[in-house]
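Topology and contacts: notes
Given next are the chains, with one letter for each unit.
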Amino acid sequence: MIKYVPEMTSVVLEEIPDRVSLAVDISSCRGNCVGCHSPFLKLDIGEELTPAVIDRLVADNFGVNCFLFLGEGQDPETLLALAAHVRSIGLQVALYSGREEVEPAFWEAFDYLKLGPYRPECGPLNSPTTNQRLYKITDGKPEDITARFWRVPLSTPRYV
Ligand code: SF4
């Protein structure tokens, strides 16, 4: 099961370049980032995220063209199935993972992948010294687009 925190759901413009993303915070995070921005997301909290819930969230936020999973929880099979559902309704799908690397199925299931734990000494995505990377995946080929965050003065993304 994948759970999200309904009250944190929001439309974001900066987390995925050129996309209007509906972002959901996924709980039961298995990461261990030093300086974690949301330690409560390591807990088993929130409500189940299902295809029907995704449909409702998208319908309630007309105009979004990307669905962003902020975290991946601890049920990869369900997460991948939810990602496939997002694509089936015509949206792109993105994942902010705190892991250094993900399994091959993730590279196929997502159009955008952010990898790497948050390290305060390296800074967030909009810091040129960041250890984190955002990839755009087109026809199975990942392109590192992290530098997009460095070109224009952005406010700090909510999730880094
Ligand atoms: S991935 Fe996010 S929620 Fe999980 S430990 Fe890292 S900063 Fe915290």
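Residues numbered from 1 in each chain as written. Predicted model: local features only at pLDDT ≥ 70, side-chain atom pairs only at ≥ 80, totals over all residues. Heavy atoms only, no water.

A look at the overall build of the protein
Basically, it comes down to this: Under the scheme used here, helices are H or I runs from DSSP no shorter than 4 residues and strands are E runs no shorter than 2 residues, and both carry numbers assigned from the N terminus. Only the C-alpha atoms count toward the radius of gyration. The rule for a globule is 2.2 Å times the residue count to the power 0.38. Between buried and exposed lies partly exposed: a residue is buried under 20% and exposed over 50% of the maximum accessible area for its type, with that area taken using a 1.4 Å probe on protein chains only. For this analysis, residues touch if any pair of their heavy atoms sits within 4.5 Å. The Shrake-Rupley method, run with a 1.4 Å probe sphere, supplies the accessible areas, and residue values consider only the shown protein chains as cover. When charges are counted, Lys and Arg are positive and Asp and Glu negative, with His and the chain ends excluded. Charged side chains are reduced to one point each, which is NZ for Lys, CZ for Arg, CG for Asp and CD for Glu.
Scanning the protein for helices and strands turns up four helices and nine strands. The C-alpha atoms of the protein give a radius of gyration of 14 Å, which matches the 15 Å a tight globule of 160 residues would have. Once the C-alpha set of the protein is aligned to its principal axes, its extents read approximately 40 × 35 × 30 Å. When burial is assessed residue by residue, the protein has 47% of its 160 residues classed as buried. Of all intrachain contacts in the protein linking residues separated by at least 6 positions in sequence, the fraction that spans at least 24 positions is 57%. Here the protein displays about 7800 Å² of accessible surface, and carbon together with sulfur accounts for 55% of that area. Treating the 15 positive side-chain charges of the protein as one cloud and the 22 negative ones as another, the clouds have centres 5 Å apart.

A look at unusual backbone geometry
You will see that D18, though not glycine, has its phi angle at about 65°, which is positive. The class for D18 is exposed, based on a relative accessible area of 56%. Phi is positive for D139, close to 50°, though the residue is something other than glycine. Residue classification places D139 among the exposed residues on the basis of a relative accessible area of 74%.

Let's talk about helix α2 (residues 76-88)
Side chains that are three or four residues apart share a direction in an α-helix, a result of its 3.6 residues per turn. This is how the line gets drawn: Helices are assigned an expected span. That span is 1.5 Å times one less than the residue count. Relevant arc is that of directions from the helix axis to the C-beta atoms, nothing else.
Counted at 1.5 Å a residue, the expected span for α2 with its 13 residues is 18 Å, and the 18 Å between its end C-alpha atoms agrees. Within α2, burial applies to L79, L82, A83, H85 and V86. Down the axis of α2, the buried set is contained in an arc of 160°. They therefore lie on one face. For α2, exposure combined with an orientation more than 90 degrees from the buried face picks out E77 and S88. The inward-facing, buried residues of α2 abut α1 (51-60), β5 (66-70), β6 (92-96) and α3 (104-109).

Focus on the packing of aromatic side chains
Defined as follows: Pairing of aromatic side chains here covers Phe, Tyr and the six-membered ring of Trp, requires ring centres within 6.5 Å, and sorts the geometry by plane angle: under 30 degrees stacked, over 60 edge-to-face, intermediate tilted. Here, a charge over a ring means that NZ of Lys or CZ of Arg falls within 6 Å of the ring centre while also lying within 35 degrees of the ring normal.
Applying the stated rule across the entire model yields four aromatic pairs. Taken together, a centroid distance of 6.2 Å and an interplanar angle of 85° make the contact between F69 and F110 edge-to-face. On the criterion of sequence distance, the pair formed by F69 in strand β5 and F110 in the loop between α3 and β7 (112-115) is long-range, its members being 41 residues apart. Judged by its relative accessible area of 0%, F69 falls in the buried class. Note on F110: relative accessible area 0%, which makes it buried. With centroids separated by 6.0 Å and ring planes inclined at 25°, the aromatic side chains of F106 and F110 adopt a geometry described as stacked. Comparing F106 with F110, the two get one shared label, buried. Counting every residue linked through ring pairs, the aromatic cluster contains F67, F69, F106 and F110. The aromatic ring of F106 is capped on one face by R99, whose charged end is 5.4 Å from the ring centroid.

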